[in-house]
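Spelled out, the chains give:
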Amino acid sequence: MALVSTDGIKTELEMFDITCEDDLVFDKMLEQCLCNRLQGEDIVHEWVAFSTTKGGIQLSLDTLEQFEHEVLNKKNKSKLGLSKREDYHNRTRDINSLQDLIKAEEEEESLLDSYSTPAKGSQKRCLTTPEHPQSKRTAALIASPVLLLSPASFSPSSTPSQKYSQRGARGEVVSTHGAVQGTRWTGRREPQQVVQLELLEGSKDSLINNYKYMFQRLRDVRNVLTEKIEELGDELRTHFSIGEFSPVSLPAQDCVTVLGQVCCDSNGKLNAQSVLLEAGPEQGGQQVAVDLTELREYSLFPGQVIIMEGMNTTGRKLVASKLYEGVPLPFYSSPIKQETDMDIDTPGQVMAMVACGPYTPSDGLTFDPLVDLINVIVRDRPDVCILLGPFVDAKHEQIEKAQLTESFEAIFYRCVSSIIEGTKGVGCRLVLVPSQRDVHHHFIYPQPPFMLHDLIKDDAERVTLVPDPCTLLIEGVTFGLTSTDILFHMGAEEISCAAGSDRFSRILKHMLTQRSYYPLYPPVEDINMDYEKFQSYGLMPVCPDVLIVPSELRYFIKDVIGCVCVNPGRLTKGQVGGTYGRLLIQRRSTSIDGKRLNPCVAGQVVKI
């Protein structure tokens, strides 16, 4: 499927003379395209037809909700029923399932024969008894086990993707950061120099094993949310030198200062008229509606902990006049040698490569993009290679239709073995991060790391298995990693009134100031959140020097309040190639004027 964008949707709408000033409308249509596997022109055609039948209703968030309920959901149900019938007859089967199918057909034919008069001299021959020869139909149905279990293919579609092999602009740099002019993108030349890589909080305080989930109680969830409000509230009060907080529902004729968590007044999407502020137990635990008309700038999302000043004369609505947002954690600090030469070619630099799955095109399970990435690793010889899932994508068409001839685990182990063997001569450290879309792994957040039990000693020392999310320490530089698409999730929920700021920067700033890898509450339906584990493993211990946040949205690399944030994109986009990221990092002391220098001295996003 071709890449869908809001600009493409706008162009298609303009062809029908349909205009809208609200950018949230186009974001909602983009979300509907991605969720329903539609192109931009398809959803516009569906909308025009729907609008015409409704008497020419205007395009808005409310009418889009009605359009999704009455048109898109019904189409999905009809497609699901049709695909189930097609899959039953057309899916690839192994030996056991084929024999079960033959047996079911025989029983059906025997039942029909019992209600009919057999023709004279007719005798039905059993298809499964060894005394009789096998019928031609049975022989045609059973495929060769050698073909089904052949290592050359994971699925019936073993031919390489034509669109991927014909892609253009290979190796093109599409986004840059820092001093990239004349930079040599290679790792250390001395193979004996081992890169120091570890989880920041150590193995004892990190999520390193599987755990039992689906046992949390609503009271426990409430306690976690309450503690979040109280802890962030204390930090905000100290930072802004604020006195006591007032209860949110207490009527007052003077300006009051209240603390709470942003939420919506219904199950729908948050908007400027549906904002509620929910206080913690210390401030009464009540909810109050918020009037934002007097605020010149704001950026809010459900689950955000904030302080507001305003008037609440009735106790039922707070007219906000000032907004205090969160403050980030301090950066990690360690004693380092003072470097006088800050040139980009300093030998102490470490090159890190970052790539995010899926590693196969959507029209087949051939790992051609992964093979190309391994070739890039062998060529550039990075010191660290961070690979984020999905490795076996649950949203892949052939996986959704159960057209595989191998187990998900077997495909995953073959994929990882290829990565380890292909990079053995390079000697780089490998970091593997799971994804919620990895079909063979636990669908829970925080997500435990992969388990690889058969690694030899040399490979085990080179491969680091980490959870999602986590904070890594690489040569004294902190990396925040998460494979969950928090940018897309928060982008669909955030509301703002701000001039001169882009949405990506606002969302990333929210993550850093809320000190969480997933600050959104409630989470999207695809995320199964365990809040007790999230409180222990889903919060940021420090403000990371580099934050890796892969997303379906457009790639970027940018500095947000001193943290270099990278969306490397995905290695494949449908049937075509995607992008990956590469960074040069070095521990650096503060500059002469005392200003902190980010350890990421240069970075790029490159097309595969």
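Cut-offs applied
Throughout this description, residue numbers start from 1 for each chain and increase along the sequence as written. Note on the predicted model: pLDDT of at least 70 is required for a residue's local features to be given, and 80 or more for side-chain atom pairs to be given and counted; whole-chain, interface and lining totals, by contrast, use all residues. Water and hydrogen atoms were dropped before computing side-chain values, which therefore reflect all heavy atoms in the structure. By definition, any uninterrupted DSSP run of H or I lasting at least four residues is a helix, any uninterrupted run of E lasting at least two residues is a strand, and each is numbered from the N terminus. For every residue, the accessible area obtained with a 1.4 Å probe (protein chains only) is divided by the maximum for its type, and the residue is called buried under 20%, exposed over 50%, and partly exposed between those limits. Between two residues, a contact is recorded if the distance between any of their heavy atoms is within 4.5 Å. Multiplying one less than the number of residues by 1.5 Å gives the expected span of a helix. Any pair of nitrogen or oxygen atoms within 3.5 Å is treated as a polar contact; in protein, a donor-acceptor pairing is required on top of that, and neighbouring residues in sequence qualify only through side-chain atoms on both sides. When DSSP finds two or more bridges between two strands, those strands count as paired. A fitted line through C-alpha atoms serves as each axis, taken over the contacting stretch for helices, and the angle formed by two N-to-C directions is quoted from 0 to 180°. Every angle not falling under 35 degrees, over 145, or within 65 to 115 is termed oblique; those three ranges are roughly parallel, roughly antiparallel and roughly perpendicular. Crossings are classed by handedness, with left-handed meaning an anticlockwise turn of the near helix from the far one by less than a right angle and right-handed meaning a clockwise turn. Residues are grouped as follows: Ala, Val, Leu, Ile, Met, Phe, Trp, Tyr, Cys and Pro are nonpolar; Asp, Glu, Lys and Arg are charged; all remaining types, including Gly, are polar. pLDDT: the predictor's confidence for each residue, scored from 0 to 100. Salt-bridge detection follows one rule: a side-chain nitrogen of Lys or Arg within 4 Å of a carboxyl oxygen of Asp or Glu. By definition, disulfides here are pairs of cysteine sulfur atoms that lie within 2.5 Å. Aromatic pairing here means that ring centres of Phe, Tyr or Trp (its six-membered ring) are within 6.5 Å. Orientation follows from the plane angle: under 30 degrees is stacked, over 60 is edge-to-face, and everything else is tilted. For a lysine, the NZ atom is tested; for an arginine, the CZ atom; a charge sits over a ring if that atom is within 6 Å of the ring centre and within 35 degrees of the ring normal. Buried residues of nine kinds, namely Ala, Val, Leu, Ile, Met, Phe, Trp, Tyr and Cys, make up a nonpolar core once their side-chain atoms join them within 4.5 Å.

Draft legend 1. Structural detail: the overall build of the chain. The number of helices and strands found in the chain is 16 helices and 22 strands. Looking at the 608 residues of the chain, the share that counts as buried comes to 48%. Counted over contacts in the chain with a minimum sequence separation of 6, partners at least 24 positions apart contribute 73%.

Draft legend 2. Broad picture of helix α2 (residues 23-36). With 14 residues, α2 should reach 20 Å at 1.5 Å per residue; the first-to-last C-alpha distance of 20 Å fits that figure. Along α2, the residues classified as buried are L24, V25, F26, K28, M29, L30, Q32, C33 and N36. The opening residue of α2, the one whose side-chain oxygen lies 3.0 Å from the backbone nitrogen of L24, is D22. Just downstream of α2, R37 is the residue with a positive phi angle, here 55°.

Draft legend 3. Expanded view of the sheet that holds strand β17 (residues 556-560). Spatial strand order, β2-β13-β14-β16-β18-β17: 6 strands in an open sheet with mixed pairing. Lying at the two open borders of the sheet, with one neighbouring strand each, are β2 (197-199) and β17. The average angle at which neighbouring strand axes cross in this sheet is 25°, direction not considered. Pairing of strand β16 (residues 546-548) with strand β18 (residues 563-567) involves 3 bridges; the strand directions are parallel. When the sheet's bridge partners are listed, L547 is paired in β18 with C565.

Draft legend 4. Spatial organisation of the pairing of strand β11 (residues 429-433). The element β11 is extensively covered by neighbouring structure, given that 5 of its 5 residues are classed as buried. Burial along β11 is two-sided: the face carrying R429, V431 and V433 and the face carrying L430 and L432 are both buried. As judged from the 5 bridges shared by strand β10 (residues 384-388) and β11, these two strands associate in the parallel manner. Bridge pairing in β11 links V384 to R429.

Draft legend 5. Inspection of the packing of helix α1 (residues 6-15) against helix α3 (residues 40-53) at higher detail. One way to put it is that α1 packs onto α3 with a least axis distance of 9 Å and a crossing angle of 40°. When the interaxial angle is binned, α1 and α3 end up oblique. Our pair here, α1 against α3, has a crossing hand that is right-handed. Each of I9, E12 and L13 in α1 lies in contact with α3, whose residues at this interface are G40, E41, V44 and W47. Of the residues contributing to the contact of α1 with α3, the split by class is 4 nonpolar, 1 polar and 2 charged.

Draft legend 6. Quick look at the environment of A179. Following the sequence through the fold, A179 ends up in the loop between β1 (173-178) and β2. Residues A179 and A602, 423 residues apart in the sequence, show an inter-C-alpha distance of 5.5 Å.

Draft legend 7. Geometry of the confidence of the model for the chain. Considering every residue of the chain, the mean pLDDT works out to 84; 82% of them sit at 70 or more. Of all secondary-structure elements in the chain, the lowest mean pLDDT belongs to helix α7 (residues 145-148), at 31, while β16 reaches the highest, 98. Within the model, pLDDT remains below 50 along residues 118-153, and this stretch shows 34 contacts once partners closer than five positions in the same chain are excluded. Across residues 337-347, where pLDDT falls below 50, the model places 12 contacts with residues more than four positions away in sequence or in other chains.

Draft legend 8. Main features of the pattern of salt bridges. Tallied over the entire structure, the rule returns 27 salt bridges. With a shortest N-O distance of 3.1 Å, E278 and R222 are connected by a salt bridge. Here E278, found in strand β4 (residues 275-278), pairs with R222, found in helix α9 (residues 218-240); they are 56 residues apart in sequence, far enough to count as distant. Residue classification places E278 among the buried positions, given a relative accessible area of 15%. Residues E244 and R237 are paired through a salt bridge, measuring 3.9 Å at the closest nitrogen-oxygen approach.

Draft legend 9. A look at unusual backbone geometry. Between G357 and P358 the backbone carries a cis peptide bond, its omega angle lying at 10°. Within the secondary structure layout, P358 lies in the loop between β9 (350-356) and α10 (368-380). In this chain, G389 is followed by P390 through a cis amide linkage whose omega measures 15°. Along the chain, P390 turns up in the loop between β10 and α11 (397-400). Residue S241 is not a glycine yet carries a positive backbone phi of 55°. Among the secondary structure elements, S241 is positioned in the loop between α9 and β3 (252-264). Its identity is not glycine, yet E475 carries a phi of approximately 50°, on the positive side. Its place among the elements puts E475 in the loop between β13 (470-474) and β14 (477-481).

Draft legend 10. Molecular detail of the state of the cysteines. Enumeration according to the criterion identifies 0 disulfides in this entry. No disulfide involves C543; its sulfur sits 5.2 Å from the nearest other cysteine sulfur, which is in C563. Its relative accessible area of 2% is what places C543 among the buried residues.

Draft legend 11. A look at the sheet that holds β11. Spatial ordering of the open sheet is given by β1-β22-β21-β9-β10-β11-β12, a layout of 7 strands whose pairing is mixed. Each edge of the open sheet carries a strand with a single partner, namely β1 and β12 (463-465). Here the average twist between neighbouring strands, direction ignored, is 15°. α10 rests against β9, β10 and β21 (579-585) of the sheet, and its axis sits at about 175° to β9.

Draft legend 12. The arrangement of the packing of aromatic side chains in detail. Taken as a whole and judged by the stated rule, the model has 15 aromatic pairs. With a centroid separation of 5.5 Å and 55° between ring planes, the pair formed by F50 and F67 is classed as tilted. Pair noted here: F50 is in helix α3 and F67 is in helix α4 (residues 61-90), with a separation of 17 residues, a long-range link. Pairwise contacts between aromatic rings join Y359, F391, F412, Y413 and F450 into one cluster. Its guanidinium or amino end placed over the ring of Y164, R167 lies 4.0 Å from that ring's centre, counting from NZ or CZ. Sitting over the ring of F556, K558 keeps its end group 5.3 Å from the ring centre.

Draft legend 13. Quick look at the nonpolar core. Of all hydrophobic cores here, the largest spans 50 residues; its most connected members are I9, L508 and L547. The contact partners of L547, leaving out residues within four places of it in the chain, are G480, L508, M511, L512, Y517, M540, C563, V564, C565 and V566. Among the nonpolar cores identified, the runner-up in size contains 40 residues, and Y164, F412, V439 and V606 belong to it.

Draft legend 14. Structural detail: helix α15 (residues 503-514). Between its terminal C-alpha atoms α15 stretches 16 Å, which fits the 16 Å expected from 12 residues at 1.5 Å a residue. The element α15 is largely enclosed, with a buried count of 10 among its 12 residues. Three or more residues of α15 are buried, namely F504, S505, R506, I507, L508, H510, M511, L512, T513 and Q514. The N-cap of α15, judged by a side-chain oxygen 3.3 Å from the amide nitrogen of F504 a few residues on, is D502. A positive phi of about 60° marks R515, the residue just after α15.

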